[in-house]
Amino acid sequence: MANTMDPNNPSGDIVDRFADIEVLRYTVPGFEELPLNKKLFIYYLTEAALAGRDILWDQNGKYNLTLRQIAEGIYRNYTGDRNDKNFKAFETYLKQIEFGNGAYHHYSTDKFTPEFTQQWFENELRQLLNKDKALADRLNPEAIRMTERLLFDPSFMAKRVNQAEGEDLILTSANNLYEGVSQKEVEDYFARIKNPKDETPVSYGLNTKVIKQNGKVTELPYKVGGLYSPAIERIVENLEKALPYSETELQHKSIVELIKFYRTGDLRTFDNYSIMWTEDTTPTVDFINGFIESYGDPLGMTGSWESIVNFKNEKASRRTEIISNEAQWFEDRSPVDPRFRKPEVKGVSAKVINAAILAGDSYPSTPIGINLPNANWIRAAHGSKSVTIENITQAYDDASHGNGFNEEFVIDKPTRELLDKYLFITDNLHTDLHECLGHGSGRLLPGVDPDALKAHGSTLEETRADLFALYYLADPHMVELGLLDNPDAYNAEYYKYMLNGLMTQLMRIEPGKDVEEAHMRNRKLIAEWVLEHGKKDNVVELVNKNGKTYVKINDYKQLRELFGELLAEIQRIKSEGDYEAGARLVEQYAVKVDPRLHKEVLDRYSTLSIAPYKGFVNPVYTPVTDNNGNITDIKVTYEEEYLPQMFRYSDNYSPLTR
Ligand code: ZN
């Protein structure tokens, strides 16, 4: 247990706690032992990572950067009573927007509601602008007015990403990826420029803002000399500093290509970079830096800027190497229609890494596993690279012991002991299987549009990867491969998965609201579907003990068969591009919440002091120099607090607000 301050191992320490958020610390085991050239490589890449922070803020909402400058300015210049009710509410709000990289919750994408009064805010704002003339000159008066409206008019730019069926998803989403265009105009525009016969299509719209100019729909690319140029120039500058420390010829070439992409905005160049990056599997140090995941766009096209710098965890990587080497074995036995299997699984490269820095869309909230690139044809032709971020999962695990969760929600002592013993390893294996086999498995039938599942594409893709992982976690082959030492160990992950999907993940949803986020929908879809389809054999049930609901699993073996059955159906939907069937599954199982059970989960949670969402502060890297100014070492420290880190980033890594 590490959630008390232990200076020797701060992994999992709670750095801050506010609203529905807990901020933890992660450590970077193995960094100190790296040779200097690798430390320098990592250092310049972390600088390139931090340089892009403002891009994501602006992508997340047009007035976010104005909001941040005003809010940080008020907070840092405040001289009044820090116990004042308005100030305290304001402090929470500031922490929330720092966590959301803007005015919206990182997960629900709903706008944060300020609990301080407009009058208090206006007064503080006036004082700030009188005091900080440079800021007053820099900010556009119209943007200040709109920012105030953003804060105090609940209906104005209310949701960052709206996924509600039947509405204009572009006009009703407050993100800054589109402006002055309707969903239909955007769809028509891309339908016009896409060539359906192109077998190697670029990722249309990945790095652009779509606007209307002189009545015509057009794209503004993010690039040097284009949108976000000052931040992109700084990214490029640091990538160039990192370049000489590349570990392989191919890595060197891929970084050169990435720089070229940032200079030109050309998506073919990005694909070339992605291919080189995918094929370059040998270096210890690796990174992503770019417009990657498209969850922030209701149409799933524009990439949110992010960066993660990492290096290989050699010991834990043996686990994923074993899994990847068996990729074809798993694919050939997958419980799906043989027509949908890949005859030849290409280059599934998987490793376990330690993150050295999290940035952009991966900070402070971060994924625990990543599988890239996203372009379907590149994955088919060149494979993909998959990672599990072990120092992050370790920090979660360190923080979770002794918080009372299992005592409250897990049905009995033997199940709790099972979780204590096997959840960490099976959870990691689940992530490994999800990332290195799940997403890479299966194939589309010829002529099927990869975007055929439209707004449900992300949910169904995550469902597919999770089911693949769940199905194989229980396979005796896992024990034969030496990955688990007990054929029943998978029960731990199955129990937690069902508990989370049916009940405990609901703590992240506000009363009366639907489940919206793709991963949450996927877990609910799977759990609800197997609950219903296992009913006649009583495979899983919700039981009542002393007025509380518990998940009870009666037959783990049959549960596995159900996961396999659903996998076959989801793979069919994906392979055939059967939008109707996919939409039906999502609507039926993944969206609507039972209000009674929801209330019970929230009530039981409120008795524990566990935050529904967690994120991280980064370590601090400091160059050590000799008398001649040569860098002789890079020191890593784990002392920085949450808001001070945000302020340091705003002071030193904010090219778009200067
Ligand atoms: Zn996934």
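What you see as residue numbers is a count from 1 along each chain, following the sequence as written. Where totals are concerned, whole chains, interfaces and linings use all residues; where local detail is concerned, this predicted model gives features only for residues with pLDDT of at least 70, and gives and counts side-chain atom pairs only at 80 or more. Excluded from the side-chain calculation are hydrogens and water; included are all heavy atoms of the structure.

Colleague: So, the overall build of the protein chain: which residues are in play, and what are the values?
Modeller: Runs of E in the DSSP output that reach at least two residues are strands. Runs of H or I that reach at least four are helices, and both are numbered from the N terminus. Along its length, the protein chain carries 25 helices and 15 strands. Its C-alpha atoms give the protein chain a radius of gyration of 24 Å, within 12% of the compact-globule value 26 Å for 658 residues. Looking at the protein chain as a whole, 59% of its 658 residues qualify as buried. A contact between two residues is defined here by any heavy atoms of the two lying within 4.5 Å. Considering only intrachain contacts with a sequence separation of at least 6, the fraction spanning at least 24 residues in the protein chain is 74%. Methods summary: accessible areas were calculated by the Shrake-Rupley approach with a probe of 1.4 Å, and residue burial reflects only the protein chains presented. Carbon and sulfur atoms form 49% of the exposed surface of the protein chain, whose accessible area is close to 26800 Å². When charges are tallied, Lys and Arg are placed among the positive residues and Asp and Glu among the negative ones, while His and the ends of the chain are skipped. For this purpose, a charge sits on NZ of Lys, CZ of Arg, CG of Asp or CD of Glu. The positive charge centre, built from 77 side chains, and the negative charge centre, built from 102, are 2 Å apart in the protein chain. Just to be clear, the radius of gyration here is over C-alpha atoms, and the globule rule we use is 2.2 Å times residues to the power 0.38. Summary of the burial criterion: residues with accessible area below 20% of their type's maximum are buried, those above 50% are exposed, and those between are partly exposed, where the area comes from a 1.4 Å probe applied to protein chains only.

Colleague: So, the side chain of Asp280: which residues are in play, and what are the values?
Modeller: With respect to the helices, strands and loops of the structure, Asp280 is situated in the loop between helix H11 (267–279) and strand S6 (285–291). Setting aside its immediate chain neighbours within four residues, Asp280 contacts Thr248, Leu250, Gln251 and Lys385.

Colleague: Outline the nonpolar core, listing residues and values.
Modeller: For our purposes a nonpolar core is just a set of buried Ala, Val, Leu, Ile, Met, Phe, Trp, Tyr and Cys residues, chained together by side-chain atoms within 4.5 Å. Residues Leu239, Tyr262 and Met498 are the most contacted members of the largest nonpolar core, which totals 198 residues. If you tally residues by element for this core, the top one is helix H1 (residues 36–50), at nine residues. With sequence-adjacent residues up to four places away left out, Met498 is seen in contact with Met503, Ala527, Val530, Val540, Val551, Ile553, Leu559 and Phe563.

Colleague: Outline the coordination of the zinc ion, listing residues and values.
Modeller: Atoms are scored as donors when they are N, O or S and lie within 2.8 Å of the metal, with 3.2 Å used for Na, K and Ca; no water is included, so coordination may look incomplete. The protein atoms that coordinate the zinc ion are His434 (NE2), His439 (NE2) and Glu462 (OE), at distances spanning 2.1 to 2.2 Å. Every donor residue of the zinc ion comes from the same chain, spaced as H-x4-H-x22-E. Of this pair, His439 sits in the loop between helix H17 (413–438) and helix H18 (457–473) while Glu462 sits in helix H18, and the two are 23 residues apart along the sequence.

Colleague: Would you mind going over the pairing of strand S9 (residues 369–372) in detail, with residue names and values included?
Modeller: Side chains of S9 alternate between two faces, with Gly369 and Asn371 and Ile370 and Leu372 buried alike. For two strands to be treated as a pair, DSSP must find no fewer than two bridges joining them. Note that S9 and strand S10 (residues 384–389) share four bridges and pair antiparallel. Among the inter-strand pairings, Leu372 is bridged to a residue of S10, identified as Lys385.

Colleague: Explain the packing of aromatic side chains to me, and be specific about the residues and the numbers.
Modeller: For this analysis, a ring pair means two rings from Phe, Tyr or Trp (six-membered ring only for Trp) whose centres lie within 6.5 Å, classed as stacked if their planes differ by under 30 degrees, edge-to-face if by over 60, and tilted for the remaining angles. This model, assessed by the stated rule, comprises 38 aromatic pairs. Relative to Tyr262, the ring of Phe261 has its centre 5.8 Å away and its plane inclined at 35°; by these criteria the two rings are tilted. In this structure, Phe261 and Tyr262 share a single accessibility class: buried. Aromatic pair Trp329 and Phe330: ring centres 5.4 Å apart, planes at 80°, arrangement edge-to-face. Feature note: the residues Tyr75, Tyr78, Phe87, Phe90, Tyr93, Phe116, Trp120, Phe121, Phe152 and Phe647 constitute an aromatic cluster, connected by ring pairs.

Colleague: Mind laying out unusual backbone geometry, listing which residues take part and the relevant values?
Modeller: Phi is mostly negative for residues that are not glycine, and the peptide bonds are mostly trans. The linkage connecting Tyr363 with the following residue, Pro364, adopts the cis geometry, with an omega of -5°. With respect to the helices, strands and loops of the structure, Pro364 is situated in the loop between strand S8 (348–360) and S9. Cis geometry marks the peptide bond from Leu372 to Pro373; its omega dihedral reads 0°. By the element assignment, Pro373 lies in the loop between S9 and helix H14 (376–382). Positive phi, close to 45°, is recorded for Met157, a residue that is not glycine. Examined against the element boundaries, Met157 turns out to sit in the loop between helix H7 (141–152) and strand S3 (178–179).

Colleague: Give a detailed account of the packing of helix H20 (residues 490–502) against helix H21 (residues 518–533), specifying residues and quantitative values.
Modeller: Between N-to-C directions, angles span 0 to 180 degrees; the directions come from axes that are lines fitted to C-alpha atoms, helices contributing only their stretch in contact. At a minimum axis separation of 8 Å, H20 and H21 run at an interaxial angle of 105°. Of the possible angle classes, the one that applies to H20 and H21 is roughly perpendicular. Contacts between H20 and H21 involve Tyr497, Met498, Asn500, Gly501 and Leu502 from the first element and Asn522, Arg523, Lys524, Ile526, Ala527, Glu528, Val530 and Leu531 from the second. Just so you know the grouping, Ala, Val, Leu, Ile, Met, Phe, Trp, Tyr, Cys and Pro go in nonpolar, Asp, Glu, Lys and Arg go in charged, and all remaining residues, Gly too, go in polar. Residue composition of the contact of H20 with H21, grouped by class: seven nonpolar, three polar and three charged. For classification purposes, angles smaller than 35 degrees are called roughly parallel, those larger than 145 roughly antiparallel, those between 65 and 115 roughly perpendicular, and all remaining angles oblique.

Colleague: Give a description of the pattern of salt bridges that names residues and reports values.
Modeller: We count a salt bridge whenever a side-chain nitrogen from Lys or Arg sits within 4 Å of a carboxyl oxygen from Asp or Glu. A full pass over the atoms with the stated rule returns 46 salt bridges. As a salt-bridge pair, Glu22 and Lys614 come within 3.8 Å of each other at their nearest N and O atoms. Highlighted residues: Glu22 in strand S2 (residues 21–25) and Lys614 in strand S13 (residues 613–617), separated in sequence by 592 residues. Neither Glu22 nor Lys614 differs from the other in exposure class; each is buried. Among the ionic pairs, Lys552 bridges to Glu541, the shortest N-O distance being 3.8 Å.

Colleague: A description of the environment of Glu462 should follow, citing residues and the corresponding values.
Modeller: Note on Glu462: relative accessible area 6%, which makes it buried. Those residues in contact with Glu462 that sit more than four places away from it in its chain are Tyr295, His434, His439, His519 and Asn522.

Colleague: Tell me about the pairing of strand S11 (residues 540–545), and please be specific about residues and values.
Modeller: Across a regular strand the side chains alternate sides, sitting on one face of the sheet and then on the other. As paired elements, S11 and strand S12 (residues 548–553) share six bridges and run antiparallel to each other. Directly across from Val540, in S12, lies its bridge partner Ile553. In this structure, the hairpin formed by S11 and S12 is closed by a connection of two residues, where Asn546 is found at a positive phi of approximately 50°.

Colleague: Tell me about the packing of helix H4 (residues 85–100) against helix H25 (residues 642–652), and name the residues and values.
Modeller: Put simply, H4 and H25 touch, their axes get as near as 11 Å, and they point 60° apart. The pairing of H4 with H25 is recorded here as oblique in orientation. As H4 runs across H25, the sense of the crossing is left-handed. Facing Leu94, Lys95, Glu98 and Phe99 of H4, the residues of H25 in contact are Tyr642, Leu643, Met646 and Phe647. A breakdown of the residues in the contact of H4 with H25 according to their chemical character gives six nonpolar, no polar and two charged. The handedness criterion is simple: a crossing whose near helix is rotated anticlockwise from the far helix by less than a right angle is left-handed, and one whose near helix is rotated clockwise is right-handed.

Colleague: With reference to specific residues and values, describe the confidence of the model for the protein chain.
Modeller: Note on scores: pLDDT gives the predictor's confidence for each residue, bounded by 0 and 100. Here the protein chain shows a mean pLDDT of 95. Residues at 70 or above account for 98%. The low-confidence segment residues 1–5, where pLDDT is below 50, has 16 contacts with residues more than four positions distant or belonging to other chains.

Colleague: Give a description of the sheet that holds strand S5 (residues 216–221) that names residues and reports values.
Modeller: Strand order in the open sheet formed by three strands is S3-S4-S5, and the pairing between neighbours is mixed. In this open sheet, the two strands that pair with only one neighbour each are S3 and S5. The pairing of strand S4 (residues 208–213) with S5 spans six bridges and is antiparallel. Counterpart to Gln213 in the pairing with S5 is Lys216. Seen against the sheet, helix H8 (residues 183–193) touches S3, S4 and S5 and runs at an angle of roughly 75° to S5.

Colleague: Can you tell me about the side chain of Asn60, naming the residues and giving the values?
Modeller: Its place among the elements puts Asn60 in the loop between helix H2 (53–59) and helix H3 (64–77). In this structure Asn60 touches Gly100, Asn101, Tyr104, Arg160, Ala174, Asn175 and Asn176, once residues within four positions along its chain are discounted.

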